[in-house]
Amino acid sequence: MKYIVLEALKEVKPGYLSGEQLSRRLEVSRTAVWKYINELKLEGYEIEASSRKGYRLLSEPDILDARLLSADLATSVVGSKILYFDEVDSTNIRAKELAGNTPDGTVILAGRQSAGRGRLGRKWESDDGGGIYMSVILKPEIPPEEVQLITLAASVAIVSAIKDAAGIDAGIKWPNDIILDGRKVCGILTEMSSEMERVNYVVLGIGINFSQELGDFPEELRNKAVSISEYMEEKGLKPCKKAELVRSILVRLDEVYRMLLEGRKNDIIATWKNMSVTIGRDVAVSGREVSYTGKALDITEDGRLVVLCENGILKEIISGEVSVRGLLGYV
Ligand code: ADP
């Protein structure tokens, strides 16, 4: 019920609603309205109460509330269900536990992670609550070899969402890092369960540094990592709200997911290329057996990176280590 009060106040913002109007609309007593207002205040909503004019919403807290996020989310699949946890080991682990019994597009959000992971079993620093930690459970009808496209599509969605919510231009380092001025602001970890021919589900894990200051990161990341707020402060820009960014991410993910299901691979790859900070740069590739340097030329239809090696040979890379000169401390 308090969320109905909140929605009503949002509708008239920056105007007032009197206690009487609210009590009529909700069909509860004015004392009950007053009680809901107080509960909202406890959640961090700043609400002014004037004895003559009524109540007015001044500002909203920067928290993620699954119900509020779902309230007027204009998506068709992503966010079909949203679950929020204050703390989890890893949103991807939680998502995999839930995947069998939850609809396509379910989103798991967490305030912090005690065991956030990156690719190849690496750690994703996420225990301080300054980030956005989320996993999306997807059940696309695509062959397993196309799952890499989901990672590319997600990178496109996140760069677009950062632009929508914060007005800044991030770039993509192949295949899955989102970069602001050479520092990593977001990592994506895609995991899947599949049979030979079909995908059972994909868990798309997204970790975004949102409000951490540089000193909040461990020493070894301080010249490689940045948060959205830190970056905006450096540029003298007005901060954006966490919930707003999460909402934009869900909307943009929904958009690229639909593109993927409609078979619009080429559109996704074309947008990805435009956002890429890898193509055209010198790269160092370290594989399981051999390492080499060269120039990143292109990306194939299914998301492989094409590298022209220094010995003149063209190679297509599916996954592995690619350092890009000038990014994340590689000089
Ligand atoms: P990679 O960038 O090597 O492909 P991942 O995307 O899986 O790997 O991310 C894991 C790596 O990202 C870690 O090894 C670490 O160097 C870096 N990292 C960990 N936590 C953060 C963070 N919060 N912000 C930026 N970079 C991080």
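Everything discussed here concerns the structure shown above.
Residues numbered from 1 in each chain as written. Predicted model: local features only at pLDDT ≥ 70, side-chain atom pairs only at ≥ 80, totals over all residues. Heavy atoms only, no water.

1. A few points about the sheet that holds strand β12 (residues 305-309)
Next, step 1: In spatial order, the strands read β13-β12-β11-β10-β14; together these five strands make up an open sheet with antiparallel pairing. Unpaired on one side and paired on the other, β13 (314-317) and β14 (321-324) mark the two borders of the sheet. Averaged over all neighbouring strand pairs, the angle between strand axes comes to 40°, with direction disregarded.
Next, step 2: Inspection of the sheet shows β12 paired to β13 by four bridges, in the antiparallel sense. Within β13, the residue paired with Val306 across the bridge is Glu316. (Pairing = 2+ DSSP bridges. Helix = DSSP H or I, 4+ residues; strand = E, 2+ residues; numbered from the N terminus. Axes fitted to C-alpha atoms, helices over the stretch in contact; angles between N-to-C directions.)

2. Comments concerning the site of the ligand
Next, step 1: Close to the ligand lie 13 residues, the nearest being Arg119, Arg122, Glu125, Lys184 and Asn209.
Next, step 2: Between the ligand and the protein, one listed contact pairs an oxygen atom with a side-chain N or O atom of Arg122 at 2.5 Å.
Next, step 3: At a separation of 2.9 Å, a nitrogen atom of the ligand approaches a polar backbone atom of Glu125.
Next, step 4: Considered on its own, the ligand offers 560 Å² of accessible surface; in the complex 85% of this is hidden by protein. (Near = heavy atom within 4 Å. Polar contact = N/O pair within 3.5 Å; in protein donor to acceptor, adjacent residues only side chain to side chain. Areas by Shrake-Rupley, 256 points an atom, 1.4 Å probe, with all protein chains shown as cover.)

3. Quick notes on the pairing of strand β4 (residues 106-113)
Next, step 1: In terms of burial, β4 is largely enclosed, as seven of its eight residues are buried.
Next, step 2: Sheet topology places strand β3 (residues 82-88) next to β4; six bridges connect them, and they run parallel. From the neighbouring strand, Phe85 faces β4, where its bridge partner is Ala110.
Next, step 3: As judged from the five bridges shared by β4 and strand β5 (residues 131-138), these two strands associate in the antiparallel manner. When the sheet's bridge partners are listed, Ile108 is paired in β5 with Ser135. (Buried < 20%, exposed > 50% of the residue type's maximum accessible area, 1.4 Å probe, protein only.)

4. Brief notes about the packing of helix α6 (residues 147-166) against helix α8 (residues 242-261)
Helices that pack against each other are described as a pair by the angle of their axes relative to one another and the distance between those axes.
Next, step 1: Running from N to C, α6 and α8 point in directions that differ by 140°, and their axes come no closer than 8 Å. Considered as vectors, α6 and α8 are oriented oblique to each other. In this structure, the crossing between α6 and α8 has a hand that is right-handed. On the side of α6, the interface is formed by Leu149, Ile150, Ala153, Ala154, Val156, Ala157, Ile158, Ser160, Ala161, Ile162, Asp164 and Ala165, while α8 contributes Glu244, Leu245, Ser248, Ile249, Arg252, Leu253, Val256 and Leu260.
Next, step 2: In terms of residue class, the contact of α6 with α8 is built from 15 nonpolar, two polar and three charged. (Parallel < 35°, antiparallel > 145°, perpendicular 65-115°, else oblique. Left-handed = near helix turned anticlockwise from the far one by under 90°. Contact = heavy atoms within 4.5 Å. Nonpolar A, V, L, I, M, F, W, Y, C, P; charged D, E, K, R; others polar.)

5. Comments concerning the pattern of salt bridges
Next, step 1: Taken as a whole and assessed by the stated rule, the structure comprises 23 salt bridges.
Next, step 2: We note a salt bridge from Asp254 to Arg258, for which the minimum N-O separation is 3.0 Å. Of this pair, Asp254 and Arg258 are both found in helix α8, four residues apart, which corresponds to roughly one turn of the helix.
Next, step 3: With relative accessibility at 1%, the residue Asp254 sits in the buried group.
Next, step 4: One salt-bridge network, held together by shared partners, links Lys96, Arg117 and Glu191. (Salt bridge = Lys/Arg side-chain N within 4 Å of Asp/Glu carboxyl O.)

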